[in-house]
Structures are given as structure tokens and as C-alpha cells.
Amino acid sequence: MPEISRREFIKNAATSAAAAGFLSIGASGLRANPLGMPIGCQTWPVREMIAKDFPGTIKQLAAAGFQTIELCSPVGYADSGFAGLAKYTGAELRKILGDAGVTCVSSHFGIKELRENQESRIAWAKDVGLQQIIVPSLDGPAKPTLDDEKRAADEYNKMAELSAKAGIQQGLHNEDFEISMVNGRRTYDVLLELLDPKLVKFQFQVSTISRGYDAAEYFTKYPGRFFSMHVQGWSAQTKKIMPVGQDSLDWKKIFTAAKTAGIKNYFVEMNLDMMKASVPYLRSLQV
């Protein structure tokens, strides 16, 4: 399979896979969840809905059973449907989320916006009440050298130090650059060595199993280095994204390993039908 980003991966996935007989579940009906964590949802898949009606979209996600959401920055993701978030103050955003019955402590930011004005982005994060600033990629070359990776890591360690001083945890997802190779090794593994474990935590993209990146394996190999994950079901037979629990992944094993990794939250990230169809399984999963 050719290298594809998270957005391309999800965009090319099947566009509908609601579970047969799926019933919408109100947030008030939620019970025990994996690791005792709230069931989370990344807002990227519903970006077009958010561009039209942010409060209404959040209410729909809450009605589907999601208790916490992860945003995308209105600056770095302005052209993807999130520009409208800038019209709200941090207090207004928190009220919209609270009125819908959901929380939000995490958001994705583009590395470019942090390079240009990290202090303003930290200020916005604190205003909204975020605890995590995550970038999808360090935006290095497709075929990096070890020096490229060292430069990227040095830059991000400095960014993470500035965020830490403001009480914000800096995190790194795994997009194009992170799943490249250097000298026969995965860039992702090299970055896990180069980035300061006290300053940078990692958010694992479960769908990278399509490229051989096994969540449970990484969680076990690098204890304490991960604080979040994006959850997608994956069928080994069809090589397609599937609702969680209707796929071939061993989710009990993944969530058990997540304890070792240090996972503090997780966000389902697929098209809306698949995200909804994943909720019943996650509600019932005991770890």
C-alpha cells in the first residue's frame, strides 16, 4: 500500500458501515468504558458539519454516545472546516461543549502555526481549557536523512519546552514523515529516541496497522511514552477501515497494553456512521 496520510486513509475508507440495528445512544446511558475513560471522538471526520453548525454537530456527537471530543485548530485547520471556531471565545467554546455534555482537553495544531506564533496558539489552548497540543506530523521530507530527523526533533523539543512552561503537554501523531524510513529504520522509532520523554508524548494512529505499526507492540515496547490514540477498526481480510468491534483487531489486547503506554484518552476517528457504530462495543469492552 502506498504511503498515505491519516486524512487520505480515512477519506478513501468505505463511506458507510453502520452496524445493523444500531440504536443511537444518549450520553446519559453510558456505563463502564475501556480503562474507565470517556469514549472520545476526533472532529476531523465531521469537519464539513462543523463548518456549517458547530454547536449542532457537537450535540449530535454527544447524542451518539461520545463523552469527550478532540478539536482541530481554527488557524492550522482553517481551510478544512474549523475556521469558524475562531469566532468563539474560549469561554464560549467551553459552554457549547458543556451544554452538550462533552469535555475537550485536546486539539490538533499544524506544525506551521506553531512555528509562526506558538505563544498565541498556547494562549488559545489555555483559553479553551486544553491540556494537550498535538501536531499530526513534524513535516519532514518524504525520504529523510538522520540529520533531517535530528533537526525536526530538536525543533519540536524546543516547542514542547515552551508548552510545558505554560502547563500544556505537547504531543506527536504519526502522519507521512513519521512513517517514512531512514537507514533501514522507521522514522517513528528514531523520533521516539530523539524526542525528550519528559516533554513530548505520542498519540498513536491505530489504522497504521495497515503499514505494520501495531499499537499493542508499540505500547509495550515504549512504556510511558504514549498519552493518547486515534481509534479505527481494521479488517485484515478486506484491508479496510471498519467499525470498532466489527473488525479483526484485538481491542482487549490493545487497551490492556495502553495501560503500560500511559494512554490517558482516546478518540474514535472514522466517518460518522462508523464512529456511531463503534460506541456500543466500546461501552461494553471490559479491560
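Right above here is the structure, for reference.
Bear in mind the structure is a predicted one, so any value in this text is a computation, not a measurement. (Residues numbered from 1 in each chain as written. Predicted model: local features only at pLDDT ≥ 70, side-chain atom pairs only at ≥ 80, totals over all residues. Heavy atoms only, no water.)

**Description of the sheet that holds strand S8 (residues 200-205)**
Strand pairing in a sheet relies on backbone hydrogen bonds. The paired strands run either parallel or antiparallel. With parallel pairing, 8 strands are arranged side by side around a closed barrel as S1-S2-S3-S4-S5-S8-S9-S12. Strand after strand, the sheet turns through a mean of 30° between neighbouring axes, direction not considered. Where strand S3 (residues 103-108) meets strand S4 (residues 132-135), 3 bridges bridge the pair, whose relative direction is parallel. Among the inter-strand pairings, Ser 107 is bridged to a residue of S4, identified as Ile 133. (Pairing = 2+ DSSP bridges. Helix = DSSP H or I, 4+ residues; strand = E, 2+ residues; numbered from the N terminus. Axes fitted to C-alpha atoms, helices over the stretch in contact; angles between N-to-C directions.)

**Examining the nonpolar core**
Judged by nonpolar contacts, the single largest core of 83 residues is most densely connected at Phe 54, Phe 204, Phe 219, Phe 226 and Met 229. Beyond its immediate chain neighbours, meaning those up to four positions away, Phe 226 contacts Tyr 188, Leu 192, Phe 202, Gln 203, Phe 204, Tyr 218, Phe 219, Ala 261, Gly 262 and Ile 263. (Core = buried A, V, L, I, M, F, W, Y, C linked by side-chain atoms within 4.5 Å. Buried < 20%, exposed > 50% of the residue type's maximum accessible area, 1.4 Å probe, protein only. Contact = heavy atoms within 4.5 Å.)

**Overview of the pairing of strand S5 (residues 169-172)**
Where S4 lies against S5, 4 bridges are found, and the strand directions are parallel. Pairing of Ile 133 across the sheet is with Gln 170, part of S5. With helix H6 (residues 146-165) bridging S4 and its parallel neighbour S5, the resulting β-α-β unit is right-handed. Direction of pairing for S5 relative to S8: parallel, over a ladder of 3 bridges. What sits directly across from Leu 172, in S8, is Phe 202. (Right-handed = clockwise from strand over helix to strand, strands pointing away.)

**So, the environment of Met 242**
Along the chain, Met 242 turns up in strand S11 (residues 240-242). On the basis of relative accessible area, Met 242 is assigned to the partly exposed category, the value being 23%. A sequence separation of 10 residues divides Met 242 from Gln 232, and the C-alpha atoms of the two residues are 7.0 Å apart. The contacts of Met 242, once residues within four sequence positions are left out, are Gln 232, Gly 233, Trp 234, Ser 235, Asp 247, Met 270 and Met 274.

**Describing helix H10 (residues 272-284)**
At Ser 278, H10 shows its largest kink, close to 25°, and the proline Pro 280 lies no more than four residues downstream. Residues of H10 that are buried include every one of Leu 272, Met 274, Met 275, Ala 277, Ser 278, Val 279, Leu 282 and Arg 283, and no others. Buried residues along H10 sit against strand S1 (40-42), helix H2 (47-52), helix H3 (54-63), S11, helix H9 (251-261) and strand S12 (265-268). (Bend = angle between axes of the 7 residues up to and from the residue.)

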